[in-house]
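# Inside the fold
Now for the letters of each chain:
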Amino acid sequence: MKKKHFAYIILFGIIVFISIPILHLVKTYLSEDKTKIHTPKGYTNDASRLDLTSVDSIVNVPTTKTEMINQLREIIQYSTLKHIPISIAGAKHSMGGHTMYPNGIILNMRPYKNMQLDTINNVLTIGSGALWEDAINYLDSFHKSVAVMQAFSSFSIGGSISVNGHGWQKTSPPISSSVVSFSLMNCKGEILNCSRTENKELFSLVLGGYGLFGIILDVKLKVVDNENLQFKLYKLKATEYLSYFKKYASDDKNVKLVFGRLNISEKNFLENATLDVFRTSTIAQQKKITKPNHTLTEVKRLVFRNSVKSEYGKKLRWDLETAMGGFANNDCFSRNEILNDNVALIENKDTSSTDILHEYFIPERHFNEYIAALKNVLPSKSIDLLNITIRGVYKDTDSYMRYANENVFGFVFLFNQKKTAAQEVEMKRLTQQLAEMAVRMEGTYYLPYRLQIDKKTFRKSYPQSEGFFKLKLKYDPHEVFKNKFYDYYK
Ligand SMILES: Cc1cc2nc3c(=O)[nH]c(=O)nc-3n(C[C@H](O)[C@H](O)[C@H](O)COP(=O)(O)OP(=O)(O)OC[C@H]3O[C@@H](n4cnc5c(N)ncnc54)[C@H](O)[C@@H]3O)c2cc1C
């Protein structure tokens with residue numbers, strides 16, 4: 001009888017243990033208002049959801065090249081005649097009005113996504129409106145994969161090149177390093193081929209040029225093999241990160257993808273870290289990418305959203321991710337499967353708040369000092385920090401407005417803020433403080449995010465910016481291509 005009682009108590013304990021987190025996830029699901037926000041006709045917005053802007057028109061480019069070129073030339077002529085600036089939009093995941101100008105024309109490049117693989121030279125020619133997920137799905141059938149891209153596959157090729165994004169490909173410079181060449185329509189409607197040998201200056205300006213020098217049409221990108229990769233998760237103290245990174249990532253030639261994460265729950269804030277590593281696997285049989293599992297994506301999303309304004313949720317997420325990571329140790333995935341993650345995984349369905357990204361690039365010599373300094377600034381009292389990931393970015397030798405002047409670590413912060421005036425003031429203060437801190441550590445901040453950093457800090461971060469804006473006027477003297485980012489910083 002006693003044994004039976006004991007079994008009931010254990011069973012009850014297990015039910016309570018499982019049902020508390022499940023109840024939290026259900027509560028998160030029910031608390032989301034799920035109202036789809038529709039951008040009113042005549043307006044546009046970007047991923048910040050804080051950039052609602054009235055526009056002259058939004059033009060979807062045609063899918064075929066000849067038609068697109070004819071249409072773009074007509075638009076450029078019209079824009080020059082009427083003095084209505086043109087902004088260029090890809091997937092619009094930038095957050096500072098980079099894809100819009102008040103009462104301007106917006107080119108939606110998304111429909112233009114032709115692709116062709118040169119299997120002899122391993123070079124993909126791709127329309128600038130294509131998303132990485134289009135490229136991955138296409139390359140998968142050739143057993144090839146993308147060389148350098150961001151952490152999600154929901155971004156366009158044109159947008160990614162124009163911010164010169166980076167990912168978590170080990171010891172890799174930003175995306176520019178994988179660009180062989182591209183064709184660009186300039187402010188006169190001429191098409192120029194740009195590479196490291198042809199129109200060199202323009203090549204370096206357009207990479208990370210935020211759509212200010214012309215319209216990128218087709219891009220030639222180096223591709224790599226779609227290898228099988230084996231996962232390994234290491235749990236460590238944040239102060240041990242550099243030694244773990246060296247031992248288990250940079251010194252191991254078989255490691256292809258690597259990122260780190262810092263614990264952001266109040267208990268052990270920025271004290272614990274993980275290093276997530278993918279190594280070339282000995283398993284030869286290639287896996288095909290499968291269709292996304294929507295239920296699993298939704299569960300992962302709820303675990304993520306449950307951490308908003310909840311210490312319990314933050315702890316739960318950290319525990320689940322480190323425990324699940326432990327369970328998945330040695331699991332094998334194809335490179336394409338790993339790279340093909342959609343931003344839906346973290347989607348915020350609450351219409352009263354928005355998620356805002358920041359990224360700061362810090363040289364290795366200041367790594368530990370930087371984390372220690374962060375503890376004095378974060379967590380903010382009212383802005384909720386949801387995530388910090390760490391990626392190594394190697395020196396960029398291709399782009400003009402480069403953020404990786406040497407090998408650096410990118411610290412990516414995801415915050416949640418309410419859409420209120422008070423939270424705007426608080427976010428601006430925090431952003432300025434974090435940018436100044438990065439400059440003090442001989443680092444830089446990333447430009448595709450909100451326009452909340454003052455010009456003095458901008459010039460310190462990007463001493464080459466004066467030259468950049470002078471060259472903008474050399475190549476586009478009548479400022480045909482404009483956006484809010486240009487207006488703010490020029
Ligand atoms: C959830 C989230 C995660 C992110 N993760 C990463 C990450 O891991 N690494 C990283 O580096 N960044 C990351 N970012 C930033 C993101 O990479 C940039 O915002 C990038 O611009 C995304 O591409 P896009 O297609 O959305 O570009 P858009 O926002 O559409 O455009 C960005 C810029 O490119 C220009 N542009 C677009 N297409 C063209 C074209 N055809 N010709 C000329 N100019 C063009 C636009 O005018 C604009 O200035 C992230 C952003 C979000 C919201």
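See the structure above.
The following paragraphs examine the structure supplied in this document. (Residues numbered from 1 in each chain as written. Predicted model: local features only at pLDDT ≥ 70, side-chain atom pairs only at ≥ 80, totals over all residues.)

Attention now moves to the overall build of the chain. Tallying secondary structure elements over the chain gives 14 helices and 19 strands in all. The C-alpha atoms of the chain give a radius of gyration of 23 Å, which matches the 23 Å a tight globule of 490 residues would have. With the principal axes as the frame, the chain shows a C-alpha extent of 90 × 55 × 45 Å. Burial analysis of the chain (490 residues in total) assigns 42% to the buried set. (Helix = DSSP H or I, 4+ residues; strand = E, 2+ residues; numbered from the N terminus. Rg over C-alpha atoms; globule rule 2.2 N^0.38 Å. Buried ≥ 20, exposed ≤ 12 C-beta atoms within 10 Å, placed from the backbone.)

What follows is about the nonpolar core. Nonpolar side chains in soluble globular proteins tend to end up buried together. Among the nonpolar cores identified, the biggest contains 109 residues, and Leu-107 and Val-206 are the most heavily contacted of them. If you tally residues by element for this core, the top one is strand 11 (residues 215–225), at 6 residues. Two domains each donate at least three residues to this core, and these are domain 1 (110–225) and domain 2 (228–453). With near-sequence residues (within four places) excluded, Val-206 lies in contact with Leu-184, Cys-194, Phe-213, Gly-214 and Ile-216. (Core = buried A, V, L, I, M, F, W, Y, C linked by C-beta atoms within 7 Å. Domains from an automatic or database assignment. Contact = placed C-beta atoms within 7 Å.)

Turning to its location among the elements, Val-277 is positioned in strand 14 (residues 272–280). Remark: the alpha-carbon pair of Val-277 and Tyr-234, spanning 43 residues in sequence, is separated by 8.2 Å. Other than its neighbours up to four places away in sequence, Val-277 contacts Lys-232, Tyr-248, Ala-249, Val-255 and Val-258.

Turning next to the sheet that holds strand 17 (residues 384–393). One open sheet accounts for 8 strands, arranged 15-12-14-13-17-18-16-19; its pairing is antiparallel. Two strands close off the open sheet at either side, each with one partner strand: strand 15 (332–334) and strand 19 (444–445). Strand direction decides the pairing type here: strand 16 (residues 353–363) and strand 18 (residues 408–418), joined by 11 bridges, are antiparallel. Residue pairing across strands places Glu-359 opposite Val-412, the latter belonging to strand 18. Lying on the sheet, helix 11 (residues 421–440) is in contact with strand 16, strand 18 and strand 19; it crosses strand 16 at an angle near 10°. (Pairing = 2+ DSSP bridges. Axes fitted to C-alpha atoms, helices over the stretch in contact; angles between N-to-C directions.)

Attention shifts here to the site of the ligand. Residues in close proximity to the ligand total 34 residues, the closest being Gly-90, Gly-158, Gly-159, Gly-165 and Gly-211. Taken together, the elements giving at least two residues each to the shell around the ligand come down to strand 4 (86–89), helix 4 (157–163) and strand 11. A breakdown of the residues in the shell around the ligand according to their chemical character gives 15 nonpolar, 18 polar and 1 charged. Counting only domains with at least three residues in the shell around the ligand, you end up with domain 1 (110–225) and domain 2 (228–453). (Near = placed C-beta within 6 Å. Nonpolar A, V, L, I, M, F, W, Y, C, P; charged D, E, K, R; others polar.)

Right, let's get into the pairing of strand 17. The two faces of a sheet get side chains in turn, since along a regular strand they alternate between them. Counting buried residues in strand 17 gives 8 out of 10 residues, a clear majority hidden from the surface. Here strand 13 (residues 255–262) runs beside strand 17; their pairing, made up of 2 bridges, is antiparallel. Within the sheet, the bridge partner assigned to Arg-261 lies in strand 17 and is Thr-389. Note that strand 17 and strand 18 share 9 bridges and pair antiparallel. Residue pairing across strands places Asn-387 opposite Leu-414, the latter belonging to strand 18.

Before going further, it helps to examine the pairing of strand 6 (residues 115–118). Pairing between strand 6 and strand 7 (residues 123–127): 4 bridges, direction antiparallel. Within strand 7, the position partnered with Asp-118 by the bridge is Val-123. In this structure, the hairpin formed by strand 6 and strand 7 is closed by a connection of 4 residues, where Asn-122 is found at a positive phi of approximately 55°.

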